[in-house]
Amino acid sequence: MPFPESSHATGCVVLADGTVFFGAGFGAEGHAVGEVCFNTAMTGYQEILTDPSYAGQIITFTFPHIGNVGTTHEDCESVTPSACGAIVRWQPTKPSNWRSESHLSDWMSEHGMIGVGDVDSRALTRKIRETGAPHATIMHCPKGQFNIAELRQFAVEFTGLDGADLAAEVTNPQGYDWRSKRWQWPEGFTESKGSEFQVAAIDYGVKRNLLRCLTDVGASVKVFSAETQVDDIINAGIDGLFLSNGPGDPAATGQYAVPLIRDVIEQSDLPVFGICLGHQMLALALGGRTIKMQHGHHGANHPVKDLRTGKVEITSMNHGFMVDRDSLPQDVEETHISLFDGTNCGLQMQKRPVFSVQFHPEASPGPQDSFYLFEQFADSMRARRQHHAKPRSRPQNSCSSP
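Just so it is clear, the structure is predicted and the values come from calculations on it, not from any experiment.

**Concerning the overall build of the protein**
Right, so step 1: Across its full length, the protein carries 10 helices and 17 strands.
Right, so step 2: Overall, the C-alpha framework of the protein stretches about 110 × 45 × 40 Å when taken along its three principal axes.
Right, so step 3: In the form shown here, the protein has an accessible surface area of approximately 17700 Å², with 48% of it arising from carbon and sulfur atoms.
Right, so step 4: Charge separation in the protein, taken as the distance between the mean sites of 32 positive and 46 negative side-chain charges, equals 6 Å.

**What about the sheet that holds strand β16 (residues 344-349)?**
Right, so step 1: Within the open sheet, the 10 strands sit side by side as β8-β10-β9-β11-β12-β17-β16-β15-β13-β14. Their pairing is mixed. Two strands lie at the open edges of the sheet, namely β8 (176-178) and β14 (312-323), each paired on one side alone. In this sheet, neighbouring strand axes are inclined to one another by 25 degrees on average, regardless of whether the strands run parallel or antiparallel.
Right, so step 2: Note that strand β13 (residues 290-306) and β14 share 10 bridges and pair antiparallel. From the neighbouring strand, K292 faces β14, where its bridge partner is F321.

**As for helix α10 (residues 372-389)**
Right, so step 1: Spanning 18 residues, α10 covers 25 Å between terminal C-alpha atoms, matching the ideal 26 Å at 1.5 Å per step.
Right, so step 2: Lining the buried residues of α10 we find β9 (197-203), α6 (208-216), β11 (240-243), β12 (272-275), β16 and β17 (354-357).

**Topic: the nonpolar core**
Right, so step 1: Within the largest apolar cluster, 32 residues are counted, with the highest numbers of intra-cluster contacts made by Y204, I233, L241, L243, I261, I265 and L282.
Right, so step 2: Those elements that provide at least two residues to this core are β9, α7 (230-234), β11, α8 (250-267), α9 (277-285) and β16.
Right, so step 3: Membership of the second largest hydrophobic core comes to 29 residues, among which are F197, M317, C345 and A378.

**Here's the deal with the packing of α8 against α9**
Right, so step 1: Contact geometry of α8 with α9 gives a least axis separation of 8 Å together with a crossing angle of 65 degrees. Viewed along their axes, α8 and α9 adopt a mutual orientation that is roughly perpendicular. Crossing geometry of α8 relative to α9 is assigned as right-handed. Residues P250, A251, T253, G254, A257, V258, I261, R262 and I265 of α8 form the contact with α9, whose own contacting residues are L277, Q280, M281, L282, L284 and A285.
Right, so step 2: Looking at the contact of α8 with α9, its residues break down into 11 nonpolar, 3 polar and 1 charged.

**Quick look at the packing of aromatic side chains**
Each aromatic ring pair is summarised here by two numbers: the centre-to-centre distance and the angle between the ring planes.
Right, so step 1: Under the criterion given, the structure shown has 8 aromatic pairs.
Right, so step 2: Ring plane angle 25 degrees and centroid distance 4.7 Å describe the contact between F273 and F355, whose orientation is recorded as stacked. Separated by 82 residues along the polypeptide, F273 in strand β12 and F355 in strand β17 bring together distant segments of the chain. Each member of the pair, F273 as well as F355, carries the same accessibility label: buried.
Right, so step 3: Arranged with centres 5.5 Å apart and planes meeting at 55 degrees, the rings of F273 and F377 form a pair that is tilted. Here F377 lies in helix α10 and F273 lies in strand β12, a separation of 104 residues in the sequence.
Right, so step 4: Residue F273 is classed as buried on the basis of its relative accessible area, which comes to 0%.
Right, so step 5: Ring pairing ties together the aromatic residues F242, F273, F355, F371, F374 and F377, which thus form one cluster.
Right, so step 6: Above the ring of F371, the side-chain terminus of R182 is found at 4.1 Å from the ring centroid.
Right, so step 7: The residue whose ring lies beneath K292 is F321, and the NZ or CZ to ring-centre distance is 5.5 Å.

**Here we look at the pattern of salt bridges**
Right, so step 1: Counting across every chain of the model gives 16 salt bridges.
Right, so step 2: A salt bridge links D177 to K222, with the nearest nitrogen and oxygen atoms 3.9 Å apart. Of this pair, D177 sits in strand β8 while K222 is found in strand β10 (residues 219-225), placing the two residues 45 residues apart along the sequence.
Right, so step 3: According to the relative accessible area criterion, D177 is exposed, its value standing at 56%.

**Observations concerning the pairing of β16**
Right, so step 1: Counting buried positions along β16 yields 6 of 6 residues, so the element is predominantly enclosed.
Right, so step 2: Inspection of the sheet shows strand β15 (residues 332-338) paired to β16 by 5 bridges, in the antiparallel sense. Of the residues in β16, the one forming a bridge with E334 is L347.
Right, so step 3: Following β15, the chain reverses through 5 residues before pairing antiparallel with β16; G342 in that reversal takes a positive phi of roughly 80 degrees.
Right, so step 4: In this sheet, β17 lies alongside β16 in antiparallel orientation, the contact comprising 3 bridges. If you follow L347 over to β17, its bridge partner there is S356.
Right, so step 5: As consecutive antiparallel partners, β16 and β17 are separated by 4 residues.

Criteria and cut-off values
Residues numbered from 1 in each chain as written. Predicted model: local features only at pLDDT ≥ 70, side-chain atom pairs only at ≥ 80, totals over all residues. Heavy atoms only, no water. Helix = DSSP H or I, 4+ residues; strand = E, 2+ residues; numbered from the N terminus. Areas by Shrake-Rupley, 256 points an atom, 1.4 Å probe, with all protein chains shown as cover. Lys, Arg positive; Asp, Glu negative; His and termini not counted. Charge placed at Lys NZ, Arg CZ, Asp CG, Glu CD. Pairing = 2+ DSSP bridges. Axes fitted to C-alpha atoms, helices over the stretch in contact; angles between N-to-C directions. Expected span 1.5 Å × (residues − 1). Contact = heavy atoms within 4.5 Å. Core = buried A, V, L, I, M, F, W, Y, C linked by side-chain atoms within 4.5 Å. Buried < 20%, exposed > 50% of the residue type's maximum accessible area, 1.4 Å probe, protein only. Parallel < 35°, antiparallel > 145°, perpendicular 65-115°, else oblique. Left-handed = near helix turned anticlockwise from the far one by under 90°. Nonpolar A, V, L, I, M, F, W, Y, C, P; charged D, E, K, R; others polar. Phe/Tyr/Trp six-rings, centres within 6.5 Å; stacked < 30°, edge-to-face > 60°. Lys NZ or Arg CZ within 6 Å of the ring centre and 35° of its normal. Salt bridge = Lys/Arg side-chain N within 4 Å of Asp/Glu carboxyl O.

This is the structure:
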């Protein structure tokens, strides 16, 4: 049962407005400050906690059974988890899964991540929906000693995600090559033995499964830092440019990311594919703007409509900012919308193979309804290669035969 007061509590969540939720701490000891969001996914808690897009955020899971399948190194979406912590309805149970390597609490402790269980997650989620994503301090103290006033002050002083360039904090500063494919039974992860395309992926906080999906459609992927220079992309001998997911305010990251994207579009005919933050970066590069949402979209059951076909896809989402459709220029078409609130979820240049979506077609966790987007990207690169391979026609002789 949720703790109504501090008696016997070993964990707590203190919001900036003074609201306090007491519970049972697990994972690492100490405190962390961040923006609280809620995630409605029923699977994949480890993939969610290791998604770099959650930098600066504390995740409230609405699904109660968090920790029941343990953790495994194969399910990490990044080398180091970026989320500040986790809030759950029940404390993690003993894992029951053949792939499990460790208990969720032990895994979180190893990675310095704080958790609080036995919290009324429904009440917290309702508060977030009604008043927006709050700033909060989360704390785990086995002795149950909490200075609530001090913890609240930490939350009040938290500057939030507005204006925060968090992509620079989670990007890998060193480029690297990626060849691993998606997990398949019974082999697990396997290495690609060949490739049809060369893709440059800008790492704003890229999830590993995004790179695996690119490999699955025939790409050999070279990952570049978020702050790479345009010449590095143009001169890399690539067939396409991929813009990854990531955390923070797109307008802040756009200060250095947008010029590169704009230059690539203007100086080349490369296909460009963006996802999540990459979608927002592309919109900014094309002349649009972004807006902070009240509580964002976080989950694996979000319906999205493809306006070109009328098809409805169930998608995985994780974003707190959105593209303002009214700011898009005339040569940019809106391709997808959320059926929850009608917000923009996709765009495409009308005369170029340059497109992006707000949701996560790679899932992990979530449905795979939208994998076709990776195939669309591959088709664009294939068409470009065929165009460049066409021999030039001989000029017609204007002189008549004697």
